[in-house]
Amino acid sequence: MAVSQRKDVTSQEAIPLISRRGQRICDAFASGAFLANAGARIMSRGYFDSISKPQGIVDFGVSENKLMFDVFEKKLAEPKIQTLAPHMLFYDVMAGNLRFRGALAEFLTERLNAAKPLDPKNVRVCNGAGPMMELVASSIGDPGDCLMMPMPCYGGVFWDVGGRAEINVVPVHLTSKMEEGDTMPFQLTAKKIEDTYNKATAEGKKIVGILLINPHNPLGDIYSAELIMDILNVCHRHSLHVIMDEIYMMSIFDTEAKFTSVLSLPNIPDPQRVHLVWGFAKDFCMSGMRCGVLYSVNEAVNKAVDALIYFNMIPGPIQHVLTEIVLDKEWLDNVFIPTKYSRMREARSYMCDKLSALGIPVRKSPSGLYIWADFRKYIQPLTPENELVLFEKFMDAGVYLTPGIEAFNCGEPGFFRMVFTVYRDHLEVGMERIAAVLKDCAENGLTKPQADNAEAPTSADVKEESLEDLLGLLQGRISSSGWLEETRTQNWATQNPEALEQFKQAMKSQEGFGDK
């Protein structure tokens, strides 16, 4: 019997532990992960609690409203909300069950003062406004395309639209220096948007739209009807999509302020390219419920979102809870909204008064859960690097507030966003810690100089000193964070070998110390 010969089979290259796509996602996240890294540091040290963790970090950085838990605790205990029906445990329409979408259409029609009733068939829901941004961005742009966005802005948007959708963000830079025609610092105008568009397209970038947050994060501004219409007209001329994020539309604590939703405008020039995003995280003080909402009349975009939303569905029981909440108009108007606004005004007033006493100007804004504060007088010289030095001092002191450049892509240093919708004892302790940091900065600068302006120790300085003197000298140097950054142990040892040897000999003379 003939024996068949076996052919050599060339094996493929070893499959890497992670794909190129996976590595790109990791790299993209790491490149803009300031907020995530700050959060990890807080988790490591622990959040402040007056009883269990008094040395923990007070969080003025995360935009959450923590003032309403007691109100929601009672609301969520109501029997109609506690109801569990069989359909809640099984598959349902992926873009949201019909009862929930109908309730949202009714709710948003009223709260947005919509020009015409919203159609439930154009409502979509998924697990958060950020994920909804990703779904819309994936539906209106291809990898490498660009969305414009006014800066400073909520820093998470870079990941929302750039992480998997691979849409780039082109900043519309706003500054504290007023340009011709401006009436306030950091003012957005349609001209600035069109100038940015023209510049970007001249550089070969493909702009597919603009993303706006109204009311704004972190400035707290509310865009006027005239400005919104001017922007819509600019976008219409260039066939651009407009993603309007109105997630703070019910966080307007100033009773005299007027909010204009894009859906309240009667004559939107290109409704097929206007997409409204909203969510429960900010206005309803429940970021943990994870529910973002899209309203778009663009059937093609809705179909694309429907396909992608398979990965972002909301559990049935949560849809039931949120349905009952938005349908209870009496509770909303007589309990929830007035209580929330009253508490927000009180907390904001407290923080503003404390900042005023410290000489910190704040932006006069009617909305949001935060204050845009100007710390430039305490950052000298005024550089991006020193903004981070002040940030680190705050963190070391046990209070977290977000710096303008790293967190919001602000074009100039010195500004921080401070969230005031926190528990009262957190608010008081956090402001005390900020005051202590700024007092130290006022007296000593960002990095404490040596009293005699001495240079770093040399071998001549330490030859005859005792161990106690040498340790005291090192402790004095380490107390300066600037010196700690610039003069690592390895650097000092390399530059001062004789001093290092003197130190080692002194250590050996002590029982139990020395080289092992």
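What comes next concerns the included structure. Being a predicted model, the structure only gives us computed values, none of them experimental.

1. Describing the pattern of salt bridges
Link 1 in the chain: If you walk through the whole model with that rule in mind, you get 29 salt bridges.
Link 2 in the chain: In this structure, the salt-bridge partner of R99 is E324, at a minimum N-O distance of 2.8 Å. Of this pair, R99 sits in helix α5 (residues 98-111) while E324 sits in helix α11 (residues 316-327), and the two are 225 residues apart along the sequence.
Link 3 in the chain: A salt bridge links R124 to D306, with the shortest nitrogen-to-oxygen separation between them at 2.5 Å. Of this pair, R124 sits in strand β2 (residues 123-126) while D306 sits in helix α10 (residues 299-308), and the two are 182 residues apart along the sequence.

2. A short note on the pairing of β2
Link 1 in the chain: Neither face of β2 is left uncovered, since the one carrying V123 and V125 and the one carrying R124 and C126 both have all their residues buried.
Link 2 in the chain: With four bridges connecting them, β2 and strand β8 (residues 292-296) associate as antiparallel partners. Residue pairing in the sheet places V125 in a bridge with V293 of β8.

3. Regarding the packing of aromatic side chains
Link 1 in the chain: One pass over the structure, following the stated rule, counts 23 aromatic pairs.
Link 2 in the chain: Geometrically, the ring pair formed by F375 and F394 is edge-to-face, given 5.7 Å between the ring centres and 70° between the ring planes. Of this pair, F375 sits in the loop between β9 (370-374) and α13 (384-397) while F394 sits in helix α13, placing them 19 residues apart in sequence.
Link 3 in the chain: Residue F394 is classed as buried on the basis of its relative accessible area of 0%.
Link 4 in the chain: The rings of F72, F100, F107, W278, F280, F284, W331 and F336 are connected pair by pair, giving a single aromatic cluster.
Link 5 in the chain: Here K66 stacks its cationic end above the ring of Y47, 5.9 Å away from the centre of that ring.

4. Overview of the sheet that holds strand β6 (residues 241-245)
Link 1 in the chain: The strand order across the open sheet formed by seven strands is β2-β8-β7-β6-β5-β3-β4, and the pairing between neighbours is mixed. Of all the strands in the sheet, just β2 and β4 (168-173) have a single pairing partner and so form its edges. The mean angle between the axes of side-by-side strands here comes to 25°, regardless of whether they run parallel or antiparallel.
Link 2 in the chain: By the bridge criterion, five bridges tie strand β5 (residues 207-213) to β6 in an arrangement that is parallel. Within β6, the position partnered with L212 by the bridge is M244.

The rules behind these values
- Residues numbered from 1 in each chain as written.
- Predicted model: local features only at pLDDT ≥ 70, side-chain atom pairs only at ≥ 80, totals over all residues.
- Heavy atoms only, no water.
- Salt bridge = Lys/Arg side-chain N within 4 Å of Asp/Glu carboxyl O.
- Helix = DSSP H or I, 4+ residues; strand = E, 2+ residues; numbered from the N terminus.
- Buried < 20%, exposed > 50% of the residue type's maximum accessible area, 1.4 Å probe, protein only.
- Pairing = 2+ DSSP bridges.
- Phe/Tyr/Trp six-rings, centres within 6.5 Å; stacked < 30°, edge-to-face > 60°.
- Lys NZ or Arg CZ within 6 Å of the ring centre and 35° of its normal.
- Axes fitted to C-alpha atoms, helices over the stretch in contact; angles between N-to-C directions.

This is a description of form; function is not addressed.
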